[in-house]
Amino acid sequence: MIQSMTGYGKAEAQLQAGKLTLEIRTLNGKSADINLKSSLLPKDKELEVRKRLAERLVRGTIDLYVSFEAGASDSAHTINADVFHAYWQSAVKALDKETVFTKTFLKDPGVGSILASSVLRLPDVVDAKKADIITEEEWPKVSAALDEALDQLCAYRADEGKALYKDVTSRVDGILKLYDQVEALEGERITTVREKFDKALAELAAKPNPERLEQEMIFYLEKYDINEEKVRLRQHCKYFMEVIDSEPYPGKKLGFILQEMGREINTTGSKANHAGIQQLVVRMKDELEKIREQSMNIL
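No experiment lies behind these values; they were computed from the predicted model shown. (Residues numbered from 1 in each chain as written. Predicted model: local features only at pLDDT ≥ 70, side-chain atom pairs only at ≥ 80, totals over all residues. Heavy atoms only, no water.)

(A) Fine view of the packing of aromatic side chains. Tallying each qualifying case throughout the model produces zero aromatic pairs. A cation over an aromatic ring shows up here: Arg25 above the ring of Tyr65, its NZ or CZ 4.9 Å from the ring centre. (Phe/Tyr/Trp six-rings, centres within 6.5 Å; stacked < 30°, edge-to-face > 60°. Lys NZ or Arg CZ within 6 Å of the ring centre and 35° of its normal.)

(B) Region of the structure containing the pairing of strand E4 (residues 60-70). Where strand E2 (residues 18-27) lies against E4, 10 bridges are found, and the strand directions are antiparallel. Across the sheet, the residue bridging to Lys19 is Glu69, located in E4. With six bridges joining them, strand E3 (residues 32-37) and E4 adopt parallel strand pairing. Note that in E4 the partner of Asn35 across the bridge is Asp63. Regarding the hand of the β-α-β motif, the stretch spanning E3, helix H1 (residues 43-57) and E4 is left-handed. (Pairing = 2+ DSSP bridges. Helix = DSSP H or I, 4+ residues; strand = E, 2+ residues; numbered from the N terminus. Right-handed = clockwise from strand over helix to strand, strands pointing away.)

(C) The arrangement of the nonpolar core in detail. Core analysis: the largest hydrophobic core is formed by 29 residues, its most contacted members being Ile175, Phe240, Met261 and Met284. Taken together, the elements giving at least two residues each to this core come down to helix H6 (139-204), helix H8 (227-246), helix H9 (251-271) and helix H10 (275-295). Here this core gets nine residues from one element, more than from any other, and that element is H6. Among the nonpolar cores identified, the runner-up in size contains 26 residues, and Leu22, Ile62, Ile133 and Ala149 belong to it. (Core = buried A, V, L, I, M, F, W, Y, C linked by side-chain atoms within 4.5 Å. Buried < 20%, exposed > 50% of the residue type's maximum accessible area, 1.4 Å probe, protein only.)

(D) Quick peek at the sheet that holds strand E1 (residues 7-14). The strand order across the open sheet built from four strands is E1-E2-E4-E3, with neighbouring strands paired in mixed fashion. This sheet does not close on itself; its edge strands, each paired only once, are E1 and E3. Between one strand axis and the next, the sheet turns by 15 degrees as a mean value, whatever way the strands run. Strands in contact with H1 are E2, E3 and E4; relative to E3, the strand with the most contacts, it is inclined by about 140 degrees. (Axes fitted to C-alpha atoms, helices over the stretch in contact; angles between N-to-C directions. Contact = heavy atoms within 4.5 Å.)

(E) Summary view of the pattern of salt bridges. Considering all chains together, one arrives at 24 salt bridges under this definition. Lys45 is paired through a salt bridge with Glu136; the nearest N and O atoms lie 3.3 Å apart. Of the two residues, Lys45 sits in helix H1 while Glu136 sits in the loop between helix H5 (130-133) and H6, which places them 91 residues apart along the sequence. The class of Lys45 is buried, set by a relative accessible area of 11%. With its nearest N and O atoms 2.7 Å apart, the salt bridge here joins Asp147 to Arg52. Taken together, the positions of Asp147 in helix H6 and Arg52 in helix H1 put the pair 95 residues apart, joining distant regions of the chain. Looking at Asp147, the relative accessible area reads 30%, which means it is partly exposed. Connected through salt bridges with shared partners, the residues Asp180, Glu183, Glu186, Lys230 and Arg234 form a single ionic network. (Salt bridge = Lys/Arg side-chain N within 4 Å of Asp/Glu carboxyl O.)

(F) Expanded view of the packing of H8 against H9. Orientation of H8 relative to H9, taken along the N-to-C sense of each, is 160 degrees, at an axis distance of 9 Å. The angle between H8 and H9 places the two elements in the roughly antiparallel class. The element H8 and its partner H9 pack so that their crossing is left-handed. Between H8 and H9, the contacting residues are Glu229, Arg232, Leu233, His236, Cys237, Tyr239, Phe240, Val243 and Ile244 on the first element and Lys253, Leu254, Ile257, Leu258, Glu260, Met261, Glu264, Ile265, Thr267, Thr268 and Lys271 on the second. (Parallel < 35°, antiparallel > 145°, perpendicular 65-115°, else oblique. Left-handed = near helix turned anticlockwise from the far one by under 90°.)

(G) Inspection of the pairing of E2 at higher detail. With seven of its 10 residues buried, E2 lies for the most part within the structure. Two elements, E1 and E2, share eight bridges in a ladder whose sense is antiparallel. Counted as the bridge partner of Gln14 is Lys19 from E2. Linking two consecutive strands that pair antiparallel, namely E1 and E2, is a turn of three residues.

(H) Here's a closer look at H8. Between the first and last C-alpha of H8 there are 29 Å, a value that for 20 residues agrees with the 28 Å anticipated at 1.5 Å per step. Those residues of H8 that sit buried are Glu229, Lys230, Leu233, His236, Cys237, Phe240, Val243 and Ile244. Around the axis of H8, the buried residues are gathered within 160 degrees of arc, so they sit on the same side. Among the exposed residues of H8, those oriented more than 90 degrees off its buried face are Glu228, Val231 and Ser246. (Expected span 1.5 Å × (residues − 1). Arc of directions from axis to C-beta.)

Purely spatial values, then, with no claim about function.
Following this line, the structure appears as structure tokens:
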């Protein structure tokens, strides 16, 4: 069964320092475009993670988000004393001016705690020990969480794939049924063309050679014959169904088949010379465009 390229998976790993959450989101794409949206992963593990994502997900825009929530202890964070001291000195110096406001402010007994709280929020004062969050000993937990998130995402893709399969195959069947209606109008089209010829000749009061007229009529009708297009379109539709039913990742190939289907439908329209057939061609083009849009998300 086919899979969609759109998916989502999430898993958690409980580490000594706190809780690590992994989220994977995928969208359609021509190749495996992998983006690691986190600096928490150890550098020596990034290549392994990318390889596993590419092997399991094959194709698409793949984003991996890793977030961390510290536990009750503060072991996962440290205060950079040098940065804090530099910010503190700058803040005190800025406040140490001969103004009524600063004199009143500095007399407040709680000013120290207010100032310290503000300084702690400044950049680089509080550092997360990113290198210590995922240790080598705890990597198996993270690895298992990655597999769990991938399993969820693949299950999501499979469910989406079922809906895609039902939609595109029903539309291919719809195109074939519309072409059956085109066939039903072919006899009427030939009759209409003959009537136009006869009317034009009557208006001109011309009396052509019957044999020559029949030859010209046959030549004219052959130019607008759609039998080849009919055969090729049916063959393309059959091949579409074979590919979508037999190949694990048929998305790219289906795109090529749709191009050929579109070519036969367009040629039918250019040869139609009949209002009813032209309307059916427009409906087939509409169905084909919807299939093309959906097939872009098929893995």
